[in-house]
Amino acid sequence: MRRYLRLYLYFLRFSFSRALEYRMDFWFRIVMDTTFYAVELLFFTVLYQHTKLLGGWTLDQVFIFVSGYLVIDAIHMTVFSNNMWWLSIFVNKGDLDYYLVRPVSSLFFLSTRDFAANSFVNLLMAGGILAWSLIRYPGTLGSTNITWFLFLVLNGAFLYYILHMCFIIPVFWTHTSRGMVMAFFAVGKMMERPDQIFRGWLRRVLVTVLPLSVVVSLPARVLFEGPTPEKIVHILGVTACAFLFMAWFWRLALRSYSSASS
Amino acid sequence: MRPGLFIHLMSIETRKLFSYRVDFWVTTVVNMVVTLIVFWYLWEAMFQESGASTIGGWSLPGILTYSVLISLSGRVIRGGDLQMAISTDIYEGSLSRFLLYPSRYFFFKYAQQAGAVLPELLQSIAMGALIVLVYGIPTEVPVTATSLLMALPTILIGHLLFFMLSVIPQLVAFWAENVWSLSVLLRFITMLLGGGMLPLSLFPEWAQSILAWMPFIYLYDFPARVAMGLVTQAQWLEGMLLSLLWCGITALLAVPFWRRGELQYTGVGI
Amino acid sequence: MIKVQNLRKVFRVHKREPGLTSSIRALFRREWIEKVAVSGSTFSVAEGEIVGLIGANGAGKTTLLKMLSGIIHPTSGEARVLGSIPWKRENSFRTQIALIMGQKAQLWWDLPAADCFLLLREIYRIPEDRYRKNLGRLISMLNIGNEMNVQIRRLSLGERMKMELIAALLHSPRVVFLDEPTIGLDLTTQRAIRDFILEYRAELSPAMLLTSHYMEDIQRLCKRIIILREGSIVYDGSLRRVIEEYAPYKEILVHLRRGIGAVPDAEDLSRLGDVVECSETQVKIRAPRDRIAEAANELLQRFSVADLSIDEPEIGDTIERIMAGRPEEPR
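Residues numbered from 1 in each chain as written. Chains lettered and ligands numbered in written order. Predicted model: local features only at pLDDT ≥ 70, side-chain atom pairs only at ≥ 80, totals over all residues. Heavy atoms only, no water.

### Side note on empty space enclosed by the protein
For clarity, the threshold we go by: Using a grid of 1 Å spacing that covers the protein atoms alone, one calls a set of points a cavity when a 1.4 Å probe fits there but cannot get out, and a pocket when the set is open and has protein on both sides within 12 Å along at least five of seven lines; lining residues are those with an atom within 4 Å of a point. Grid points are joined across faces, edges and corners, and a volume is the space filled by probe spheres set on the points. Strands here are runs of E lasting at least two residues and helices are runs of H or I lasting at least four, both read from the DSSP assignment and numbered beginning at the N terminus. All residues other than Ala, Val, Leu, Ile, Met, Phe, Trp, Tyr, Cys, Pro, Asp, Glu, Lys and Arg, Gly among them, are scored as polar; the first ten of these are nonpolar and the last four charged.
Per the counting criterion, the structure on display carries three cavities of 30 Å³ or more. Along the walls of the largest cavity sit 15 residues, with Tyr101 of chain B together with Leu99, Gln106, Tyr124 and Ala168 of chain C positioned nearest its centre. At the level of secondary structure, the elements contributing two or more residues to the lining of the largest cavity comprise helix H5 (95-100) of chain B together with strand E5 (97-101), helix H4 (113-124) and helix H6 (157-169) of chain C. Considering each element in turn, the lining of the largest cavity owes the most residues, four residues, to E5 of chain C. Looking at the lining of the largest cavity residue by residue, the classes come out as eleven nonpolar, two polar and two charged.

What follows is the structure, given as structure tokens:
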């Protein structure tokens, strides 16, 4: 475990020096993400011009929900996203061999080796927006609720990564990642909407098999409605199952990779 | 401008897209369905929870039709993927080979971009037909064969306009190492301000009057409203002229970027 | 056909200092250093001439070719290729030149070569009959069969290079720039490509400018070479003259019969030239060209010689010394 931590520190150091090298990209990313944050908040602001509630939430509640999503997105962009991008390229070009011969967990190595230091500032910004939305909230939010919420947001970031991986891994068989990556972005839109607007079977799917609503929506419900044991168990349980599924899927993919390549 | 070469380049791109494997096409269809589901539940919830019968002048069937139309036309207008071809050429150095050819670089690039129109259009038409078969055309919406035909040129101009808008951010690649973020930025802005996320009539009045003076409106909002038969013939002509004017303006703005950037292009490597 | 005067290209690179704080400072302010890639080159190339551009990596060969083909602008200086300024990129100019880069694929990666060629016909507006004639000729010269209908990315490096050559020469350019056309190829393919270039020149006599790290290419193809060192031309002249001027000596190697006749003495032999090697069985002497016969004669008379050979110095060694900036023979 200590070894992995040290390894990760190396990844961090490399990526910081690389990111600062490309300074234009550094600034552009800040501009891009600021715009993204503004677009997300504006979208809901415009919608709430025409309704008081959406998915059972007021605008103030939706702001917290959205900024929770922004934090998760920022964590994903900083920690995982570049690696996901590279993974499909590695698989297609057969460059994976180089990573498989290392005496460390290939999943760990390939998921974390490229830390996007240039998104780091955005992580701070998203955190700031979340703090702002919590402070400006007119009602009262208990500190237990807030603590649970923040913890579950981190859990949500991890779940986001797992879901993304599950959409990337098929590249081992299909060899074209484009379609699946686009599919993830389309499906991912459901994360950005309150879970209650989805009804019936779709909602049931979104909180279980394809747990997109578990990423931010359910944590936000914990914040507003209190951390009942069944909610907490549900969220953590779904995450654990998703993780086990991904780990199994990964091993399956590696086996097919090593048997297919010459 | 040489139509022969343009068509040749376009057909290469088209054939390439058609030769993609089935799973690629299946996933794009899935994407479109998912996008529509997200829209459908959103507007359903909006109308139910607000209790209003119209929102921003739209009835529920109207706004759903609008959403279907922007998801179908949007793919054609954006040309599928993110617009990265020019910037990739610049920093990978493949611009060099185009500079050697006796033809203009942007001509090449637009021809390639246009090659994606036909497959995307066919796909959108097929999807549209399927939706009409399953759900029918809502009676509240005055969509006709004429209005759909009228929408076609506006979509093609929208495609050109989106390409033109993407040129300047991409040319920044002459100076910056990575302009992916600028392309994404363009996408966010055009989606929100062009009506790709919600109809522009939901914006407050003052915002709408500003948006009317921007080029983004011609990307999603205008073609969708034309297709729905909500635009008079005079407005239709005016809108097309204005969007062509915007194409011209963005082209002119791009010229100094190209001139200065090309001067210091290194072709990558010494 | 190519005329170059004081052509100069300076790149600006950002100075990088180690450490996180200086990296963060560099986000806001940046120091630049100038790197001279080509400094004031002057030369010209005539019709039908193949000129070899030689230099170490980073000596400015590719930069020079890129300027002459119009891809990049020079910092200062002038150049005329076929009477046009290359970086103005007039169509009349571009239809008459070609650039072939061994290191960089120029063809459409995911198309079969046959499709690429059709596209090029359209780009260069080659009339149908001329296109057929040229393609037929190039295909037979390079000995290409049904690889034409295979996607470029599925071809081997050698096959791909042949396709690149065809693609670049379809429009019968009058000026051809070849940047390391044989890099990474096996010996047979290298030879095939060299023969092809010679044959092509014999038929159409274009002006060619060629860079290569393989001496074999240079020796077979170029009568004239230009040597670049750190962006400057340090030699421009015939390949033969390099040897005469920079290596005005030959080497005599003598094998002696053991135990018979006189034993060679290095000090004594140094009258004849530089003694490279001197043992009981073998003597190697480097002597000035005009005295080589005399030296050989003396060796034959004085010793019991089993075998004698006179060799030109390795041309590659000579050029390498010039490239490295020490043209004189080390003593």
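On we go.
### Some words on the domain arrangement of chain C
The cut-off we apply is this: Segmentation of the chain into domains, including their bounds, is taken from an automatic or database domain assignment.
Under the domain assignment used here, chain C contains domain 1 (2-242) and domain 2 (249-311). Spacing between the C-alpha centres of domain 1 of chain C and domain 2 of chain C amounts to 46 Å.

### A few points about the packing of aromatic side chains
How two aromatic rings sit relative to each other is set out by the distance from centre to centre and by the angle between their planes. Short version of the rule: Think of it this way: a Phe, Tyr or Trp ring, Trp meaning its six-membered ring, pairs with another when their centres are within 6.5 Å, and the plane angle makes it stacked under 30 degrees, edge-to-face over 60, tilted otherwise. Relative accessibility under 20% of the residue-type maximum defines a buried residue, over 50% an exposed one, and the middle range a partly exposed one, all with a 1.4 Å probe and only protein chains included.
For the structure on display, the rule yields 45 aromatic pairs over all chains. On the basis of an interplanar angle of 55° and a centroid distance of 5.3 Å, the ring pair of Phe167 of chain A and Phe184 of chain A is categorised as tilted. Taken as a pair, Phe167 of chain A in helix H7 (residues 143-168) and Phe184 of chain A in helix H9 (residues 178-188) lie far apart in primary sequence, 17 residues in all. With respect to burial, Phe167 of chain A and Phe184 of chain A carry one shared label: buried. With a centroid separation of 5.4 Å and an interplanar angle of 70°, the aromatic rings of Tyr105 of chain B and Phe106 of chain B are classed as edge-to-face. For Tyr105 of chain B, a relative accessible area of 4% gives the class buried. Here the aromatic residues Phe98, Tyr101, Tyr105, Phe106, Phe108, Phe174, Trp175, Trp258 and Tyr265 of chain B together with Trp108 and Tyr124 of chain C are joined through ring pairs into a cluster of three or more.

### Brief notes about the interface of chain B and chain C
Put simply, the test is: Contacts: residue pairs with any heavy atoms within 4.5 Å of one another. Accessible area, probed at 1.4 Å, shrinks when two parts are joined; the buried area is that loss added up over both. Here, a salt bridge means any side-chain nitrogen of Lys or Arg that lies within 4 Å of a carboxyl oxygen of Asp or Glu. Counted as a polar contact is a pair of N or O atoms within 3.5 Å, where, for protein atoms, one must be capable of donating a hydrogen and the other of accepting one, and residues adjacent in sequence contribute only when both atoms are in side chains.
Contacts between the two partners involve 29 residues from chain B, matched on the other side by 32 residues from chain C. With both sides pooled, the region where chain B packs onto chain C buries about 2,800 Å², and carbon together with sulfur makes up 58% of that total. Taken together, chain B and chain C are joined by two salt bridges. Inspection of the region where chain B meets chain C yields nine residue pairs in polar contact (both at pLDDT 80 or more). Where the side of chain B that touches chain C is concerned, the elements lending two or more residues are helix H1 (3-18), H5, helix H6 (105-114) and helix H12 (233-263) of chain B. At seven residues, the largest contribution of residues to the side of chain B that touches chain C is made by H1 of chain B. Each residue belonging to the side of chain B that touches chain C can be placed in one class, and the counts come to 14 nonpolar, eight polar and seven charged.

### Comments concerning the side chain of Asp217 of chain C
Residues and elements named next belong to chain C. Among the structural elements, Asp217 can be located in helix H8 (residues 215-221). Under the relative-accessibility criterion, Asp217 is labelled buried at 1%. Among the polar contacts made by the side chain of Asp217, one reaches the side chain of Arg194 at a distance of 2.4 Å. When residues no more than four places from it in sequence are discounted, the contact partners of Asp217 are Thr182, Arg194, Ser212 and Cys222.

### So, the interface of chain A and chain B
Taken residue by residue, the interface counts 40 residues in chain A and 42 residues in chain B. When the two sides are added together, the surface that chain A and chain B hide from each other amounts to roughly 3,800 Å², 72% of it contributed by carbon and sulfur. The interface formed by chain A and chain B holds zero salt bridges in total. Counting across the chain A and chain B interface gives five residue pairs in polar contact (both at pLDDT 80 or more). With 14 residues, helix H2 (residues 23-47) of chain A is the single largest residue contributor to the side of chain A that touches chain B. Tallied by class, residues from the side of chain A that touches chain B come to 23 nonpolar, nine polar and eight charged.

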